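So the chains spell out like this:
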Amino acid sequence: MQRSNWPQEQASEDGEEEDDLWFLPGPVEEEAWDMPGPKAGRAAVFDPRPWLTAEQREGQALAAAAAAFAALSERLTQMGPGARRRLALLETAELSWAGGLRLSPEKIALHSLLRLPAASDDAQALELAICGAGRLTKGPGPQLGLADFLGRRSSGRDRLDSGVEDAGPGESHELLALRPQGAEFEQLAAQWEAALADLQPLHPLSRAAAGFFAWRGLGLSGDDDVIEAAVTAARLGAEGTRGGAVFMPLALGDALLFRSSGEAGTALPRWLRAVENACLRALLMLDQLAEWKNRAALKTADLSGRSPPLLIEALFAHPALSAEMAAEATGISKVGARRNLGIFQDRGLIRETTGQQRYRVWTADC
């Protein structure tokens, strides 16, 4: 510091103007040091105010969506876990189309139970869909911690040391590599949870919508993964539900919604219409399944043994079954499952979907 002041003192002695000493640093502005450093406020990450305003305008749409969801939840309570599992598979299949994976519920069901071999691309898509279907119906929700809900470890070193067990249920390392991990994930998760806390005044259906677009904005699942964000929102939407619904169906109502803009004024009304339509579609599907179940019970009443009722329950809970799957799901022998499937087909209760003589697959003929 002493050396840097010498030219200024010498210049003063010579009568030179200080303005001519362009190579010297300017005087320190005390006010600049008093200012706080840059801080990223919550509003810069996600602003809840537009969503609060949008919900006030969409009271009628919110009431209609909430009523449809309540009716679906009550129906699921009456029909049991098989109906909930089937609905989860249908919702996941629709989500796969939104994410560009294009999977059918039958294919997801077959792979989830039998782990049939598939091409590498198909296998990864199926694993992602199976994992999504499981998170729709099982385990703690995202409110209790994203790391547990998503099955992500907090430490990159832990992931390297743990081997294959690191990947969440049904996930591969290649899929995980595309998503934020470790400290990056923890930081993004904290920002998302802070945004969710600001959204507490919203109804759960509206909060799920805002939470989905906040998730997308933060990039918690990378650039292209739609399923993870949508499954998280589906669990958020069912918060506080007392009936049998543990997730809010949405893709069944509007699968293209997940690629739309996140502007609250247009996104929320479309989201609520999608919830209502998805719940009404699910109720229609459950009505058809209930009618089929009653018809199947009547048409197999003359059959003895425990196999026919068990097979009816398995066909009710799964969109498609092979003989091996039927045996696995019911605990009966493969020979017994194949024989009973033949009887069910002869009586018009199921139809074969592959047209093959081997590796055949049946579905309920609703």
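Described below are features of the structure shown in this document. Going along each chain's sequence as written, the residues are numbered from 1 onward. Predicted model: local features are reported for residues with pLDDT of at least 70 only, side-chain atom pairs are reported and counted for 80 or more only, and whole-chain, interface and lining totals are derived from all residues. Side-chain metrics in this entry use all non-hydrogen atoms of the structure; hydrogen atoms and water are not considered.

The next point concerns the overall build of the protein. A count of helices and strands for the protein gives 18 helices and two strands. Between buried and exposed lies partly exposed: a residue is buried under 20% and exposed over 50% of the maximum accessible area for its type, with that area taken using a 1.4 Å probe on protein chains only. Within the protein, the proportion of its 366 residues that are buried is 45%. Looking at the protein alone, contacts between residues at least 24 apart form 67% of all its contacts between residues at least 6 apart. All accessible areas in this document rest on Shrake-Rupley with a 1.4 Å probe, and a residue is counted as covered only by the protein chains that are shown. Total accessible area on the protein stands at roughly 19,000 Å², and carbon and sulfur atoms take up 52% of it. Helix and strand definitions here come from DSSP, where helices need a minimum of 4 consecutive H or I residues and strands a minimum of 2 consecutive E residues; each element is numbered from the N-terminal end. Pairs of residues are marked as contacts when any of their non-hydrogen atoms sit within 4.5 Å.

In this scheme Phe, Tyr and Trp rings, the latter by its six-membered ring, pair at centre separations within 6.5 Å, and the angle between planes marks the pair as stacked below 30 degrees, edge-to-face above 60, and tilted otherwise. The full count for this structure, using the stated rule, is eight aromatic pairs. Taking the centre distance of 6.5 Å and the plane angle of 25° together, the rings of Phe-46 and Trp-51 count as stacked. The class of Phe-46 is buried, set by a relative accessible area of 12%. Judged by its relative accessible area of 3%, Trp-51 is buried. Plain terms: the ring middles of Phe-212 and Trp-271 are 5.7 Å apart, the flat faces sit at 40° to each other, and that makes the pair tilted. Separated by 59 residues along the polypeptide, Phe-212 in helix H13 (residues 204–218) and Trp-271 in helix H15 (residues 264–299) bring together distant segments of the chain.

Orientation is described by axes fitted as lines to C-alpha atoms, over the contacting stretch for helices, and by angles from 0 to 180 degrees between their N-to-C directions. Where helix H16 (residues 307–317) contacts helix H17 (residues 323–330), the two axes come as close as 9 Å, and the packing angle between them is 110°. Judged by the inter-axis angle, H16 sits roughly perpendicular to H17. Across the interface between the two elements, Leu-310, Leu-311 and Ala-314 of H16 pack against Ala-326, Ala-329 and Thr-330 of H17. Under the scheme applied here, ten amino acids are nonpolar (Ala, Val, Leu, Ile, Met, Phe, Trp, Tyr, Cys and Pro), four are charged (Asp, Glu, Lys and Arg), and all others, including Gly, are polar. The class makeup of the residues in the contact of H16 with H17 is five nonpolar, one polar and no charged. Each angle is binned into one of four classes, with values under 35 degrees roughly parallel, values over 145 roughly antiparallel, values of 65 to 115 roughly perpendicular, and all other values oblique.

Basic side-chain nitrogens of Lys or Arg form a salt bridge, by our definition, when they fall within 4 Å of a carboxyl oxygen of Asp or Glu. Per the counting criterion, the structure on display carries nine salt bridges. Between Arg-75 and Asp-287 there is a salt bridge, and its shortest N-O distance comes to 2.3 Å. Of the two residues, Arg-75 sits in helix H5 (residues 59–79) while Asp-287 sits in helix H15, which places them 212 residues apart along the sequence. Among the residues examined, Arg-75 registers a relative accessible area of 24% and is labelled partly exposed. With a relative accessible area of 39%, Asp-287 lands in the partly exposed category. With a shortest N-O distance of 3.9 Å, Glu-324 and Arg-338 are connected by a salt bridge. With Glu-324 in helix H17 and Arg-338 in helix H18 (residues 334–346), this pair connects stretches of sequence that are 14 residues apart.

Purely geometric stuff here, so don't read any function into it on its own.
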